[in-house]
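Descriptive analysis of the structure
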Amino acid sequence: MSPDDRGAVVSDILRNVRPLVLNSARVVEHMLRAAGITVGMRAVLEILFDDGPAPVPALADRLDLARQGIQRHVNDLLALGCVESRENPAHRRSVLIALTPAGTATFERIRAAELRDLDRLAPDCTADELITARKVLNALNRDIRRKAQP
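In this numbering scheme, every chain counts its residues from 1 along its sequence in written order. The predicted origin of the model limits local features to residues at a pLDDT of at least 70 and limits the giving and counting of side-chain atom pairs to 80 or more, whereas totals for whole chains, interfaces and linings rest on all residues. Where side-chain values are given, they derive from all heavy atoms of the structure, hydrogens and water being excluded.

1. Quick word on the overall build of the protein chain
For the record, the criterion: The helix and strand labels rest on DSSP assignments: H or I over at least four residues marks a helix, E over at least two residues marks a strand, and numbering proceeds from the N terminus. When accessible area is computed with a 1.4 Å probe and restricted to protein chains, residues below 20% of their type maximum are described as buried, those above 50% as exposed, and intermediate ones as partly exposed. Residue contacts are defined here by distance: any two heavy atoms, one from each residue, within 4.5 Å place the two residues in contact. We get accessible surface area from the Shrake-Rupley algorithm with a probe of 1.4 Å; when it comes to residues, only the shown protein chains can shield them.
In terms of helices and strands, the protein chain carries 6 helices and 2 strands. The order of helices and strands in the protein chain, counted from the N terminus, is α-α-α-α-β-β-α-α. For the protein chain, the residues scored as buried account for 24% of the 150 residues in total. Across the protein chain, contacts joining residues at least 24 apart in sequence account for 51% of those joining residues at least 6 apart. Entry remark: accessible area of the protein chain is about 10800 Å², with carbon and sulfur atoms responsible for 56%.

2. Considering the pattern of salt bridges
We apply this condition: Any carboxyl oxygen of Asp or Glu that lies within 4 Å of a side-chain nitrogen of Lys or Arg is treated as forming a salt bridge with it.
Using the criterion set out here, one finds 12 salt bridges in the structure. Among the salt bridges present, the one from E46 reaches R111, with a minimum N-O distance of 3.1 Å. Remark: R111 occurs in helix 5 (residues 101-118) and E46 occurs in helix 2 (residues 39-51); sequence separation between them is 65 residues. By relative accessible area, which is 23% here, R111 ends up partly exposed. Between D51 and R62 there is a salt bridge, with the nearest N and O atoms lying 2.1 Å from each other.

3. Topic: the layout of surface pockets
So the rule is basically this: In the cavity and pocket records, a cavity denotes points on a 1 Å grid over the protein atoms alone where a 1.4 Å probe fits but cannot get out, a pocket denotes an open set with protein on both sides within 12 Å along at least 5 of 7 lines, and lining residues are residues with an atom within 4 Å of a point. Grid points are joined across faces, edges and corners, and a volume is the space filled by probe spheres set on the points. Under the scheme applied, nonpolar residues are Ala, Val, Leu, Ile, Met, Phe, Trp, Tyr, Cys and Pro; charged residues are Asp, Glu, Lys and Arg; polar residues are all the others, including Gly.
Size it by volume and the largest pocket reaches roughly 2400 Å³. Together, 41 residues line the largest pocket, and L20, V21, S24, L118 and L137 are the ones closest to its centre. Of all the elements in the fold, those that place two or more residues in the lining of the largest pocket are helix 1 (3-32), helix 2, helix 3 (56-63), helix 5 and helix 6 (127-148). No other element matches the 12 residues that helix 1 contributes to the lining of the largest pocket. Split by residue class, the lining of the largest pocket holds 24 nonpolar, 4 polar and 13 charged. Of the voids in this model, the second largest pocket is the one considered here, and its volume is about 200 Å³. Every residue lining the second largest pocket is counted, 10 residues in all, and those nearest its centre are R6, V10, I13, V136 and L140. At the level of secondary structure, the elements contributing two or more residues to the lining of the second largest pocket comprise helix 1 and helix 6. Top element by residues in the lining of the second largest pocket is helix 6. It accounts for 5 residues. For the lining of the second largest pocket, the residue count by class is 7 nonpolar, no polar and 3 charged.

4. A word on the side chain of E114
Tracing the sequence through the fold places E114 in helix 5. When residues no more than four places from it in sequence are discounted, the contact partners of E114 are V28, M31 and R42.

5. Some details on the side chain of T106
Quick reminder of the rule: Throughout this description, a polar contact denotes any pair of N or O atoms lying within 3.5 Å of each other; where both atoms belong to protein, one of them has to be capable of donating a hydrogen while the other can accept it, and for residues adjacent in sequence the pair is counted only when both atoms sit in side chains.
Structurally, the position occupied by T106 is in helix 5. T106 sits in the buried class, given a relative accessible area of 12%. Polar side-chain contacts of T106 include one of 2.9 Å to the backbone oxygen of A102. If we ignore the near neighbours within four places in the chain, the residues touching T106 are I37 and C82.

Here's what the structure looks like:
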C-alpha cells in the first residue's frame with residue numbers, strides 16, 4: 001500500500017463500519033425486545049457491569065452521548081429494577097447508578113447469548129485477523145474521537 005492509498009483504505013474501513021454499526025444495533029434490538037431492554041439501555045448495563053457504579057454524566061461521557069438520553073435509559077432501567085441509585089460520596093447532588101442483582105443477572109444472560117451468536121460470525125477470519133481488526137478499530141475510534149472533541 002502506498003502512502004497515497006492509506007486514506008482510501010481508512011475511508012473504506014469506515015464505509016463498512018457505518019452499516020455494520022447500524023445493522024448490529026438492529027440485531028441487538030431484535031434480540032432484546034422480549035426482555036424489554038433497548039440498545040441504549042443495554043449499553044448502560046454493560047458499562048455498569050464492566051466498570052461498576054457511576055453517575056449519569058460519567059455514563060454519558062463514556063458512551064459519547066447526551067446526559068439527557070442516558071438519564072432516560074437509566075429511568076427505564078430503574079423502572080425495570082435493573083439499576084438503583086446510591087449516594088455518591090464524591091458528590092452530594094450526583095447519585096451513583098449501580099446494577100441490582102436482577103440487572104446483573106439480566107446483563108449476564110444478554111452477554112452470554114450475544115457471545116454465543118458472535119462466535120459464529122466471520123468464520124473465514126482467523127483469530128489473529130480478528131485481533132488485528134480490533135486493534136485497527138480501537139485506533140480509529142481513538143483518533144476520530146479526539147478529532148470530534150471541541
